[in-house]
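Geometric and topological summary
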Amino acid sequence: MSLRHAVLGLLSEGPASGYDLLKMFDLSLSNVWPATQSQLYAELGKLADAGLVDVSAEGPRGRKEYAITEEGLAELRRWITEVEPTRVLRSDMLLRVFFLAQVSPEQARAYLGHQADRVRKQLERLEGIREFLENRHDNLSEYGRMTLEYGLRLGKAQVEWAEWAEGQIR
């Protein structure tokens, strides 16, 4: 997934400033595609240069509100329906697991326990997002619940696996 398409997707629901988009990223997309402020503003400039978004309003202190263009909406739709998603096959966490025999059993169990704890904290954060989305019925919230559920289920499976793996170490 590209930042370009994430921004186009958010703007497909209505105009927003860079600040508003950053808040939307933090509340919705950060668990699947995080973005920093500098990345987001650079991408907005590229999208504007490519004619995929326009500045629809300007406010005080240089605040700009961006809106998706017809070309931008067509690009978003093409990307959704025609471009096969890339599946990330690398995991430096699992690569370390593969070599856990190189450390003591206590260190190996501690590593796996730490991984489970890290995911538990992430699950707590995601549960907070669920509460935020619960009574909202806009498109981003409706489909956001689907991606949130994926993250919750994946996280629960990761915790279960880490606990199992920890018990496998003699």
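What you see is a predicted model, and the numbers here were worked out from it, not measured in a lab.

**Looking at the pairing of strand β3 (residues 64-68)**
Across 2 bridges, the pairing between strand β1 (residues 16-17) and β3 is antiparallel. Paired with Ala16 across the bridge in β3 is Tyr66. In this structure, strand β2 (residues 53-58) lies alongside β3, joined through 5 bridges in antiparallel fashion. Across the sheet, the residue bridging to Val53 is Ile68, located in β3. The antiparallel pairing of β2 with β3 creates a hairpin that spans 5 residues between the two strands, and Arg61 there sits at a positive phi of about 55°.

**Considerations on the layout of surface pockets**
Size it by volume and the second largest pocket reaches roughly 280 Å³. Examining the composition of the lining of the second largest pocket, we find that 6 residues originate from one element, helix α7 (residues 139-168), more than from any other. When its residues are assigned to classes, the lining of the second largest pocket shows 9 nonpolar, 7 polar and 3 charged.

**A closer look at the environment of Trp33**
Structurally, the position occupied by Trp33 is in the loop between α2 (18-29) and α3 (37-49). What makes Trp33 partly exposed here is its relative accessible area of 29%. The spacing of Trp33 and Ala6 is 27 residues in sequence and 7.9 Å in space, taken between C-alpha atoms.

**Description of the sheet that holds β2**
On the basis of which strands lie adjacent, the open sheet formed by 3 strands has the order β1-β3-β2 and antiparallel pairing. A single partner strand is all that each edge strand has here, and the edge strands are β1 and β2.

**Description of the packing of aromatic side chains**
A complete count under the given rule lists 1 aromatic pair for this structure. Measuring from centroid to centroid gives 5.3 Å for Phe98 and Phe99, while their planes differ by 85°, and the two rings are edge-to-face.

**What about the packing of helix α1 (residues 3-11) against α2?**
Packing of α1 against α2 brings their axes to within 11 Å, and their N-to-C directions diverge by 100°. Taken together, the axes of α1 and α2 are roughly perpendicular relative to one another. Contact residues: α1 offers Leu3, Ala6, Val7, Leu10 and Leu11, while α2 offers Leu21, Met24, Phe25, Ser28 and Leu29. Of the residues contributing to the contact of α1 with α2, the split by class is 9 nonpolar, 1 polar and no charged.

**Digging into the pattern of salt bridges**
In this structure the tally under the stated criterion is 12 salt bridges. Across the pair Arg78 and Glu75 runs a salt bridge, and its minimum N-O distance is 2.8 Å. Residue Arg78 and its partner Glu75 are located together in helix α4 (residues 70-82), separated by 3 residues, close to a single helical turn. In this structure, Arg136 engages Asp138 in a salt bridge whose closest nitrogen and oxygen atoms are separated by 3.6 Å. Here the salt bridges do not stand alone but share partners, grouping Glu127, Arg130, Glu149 and Arg153 into one network.

Procedures and definitions
- Residues numbered from 1 in each chain as written.
- Predicted model: local features only at pLDDT ≥ 70, side-chain atom pairs only at ≥ 80, totals over all residues.
- Heavy atoms only, no water.
- Pairing = 2+ DSSP bridges.
- Helix = DSSP H or I, 4+ residues; strand = E, 2+ residues; numbered from the N terminus.
- 1 Å grid on protein atoms, 1.4 Å probe; cavity = no way out; pocket = protein on both sides within 12 Å on 5 of 7 lines; lining within 4 Å.
- Points joined across faces, edges and corners; volume = space filled by probe spheres on them.
- Nonpolar A, V, L, I, M, F, W, Y, C, P; charged D, E, K, R; others polar.
- Buried < 20%, exposed > 50% of the residue type's maximum accessible area, 1.4 Å probe, protein only.
- Phe/Tyr/Trp six-rings, centres within 6.5 Å; stacked < 30°, edge-to-face > 60°.
- Axes fitted to C-alpha atoms, helices over the stretch in contact; angles between N-to-C directions.
- Parallel < 35°, antiparallel > 145°, perpendicular 65-115°, else oblique.
- Contact = heavy atoms within 4.5 Å.
- Salt bridge = Lys/Arg side-chain N within 4 Å of Asp/Glu carboxyl O.

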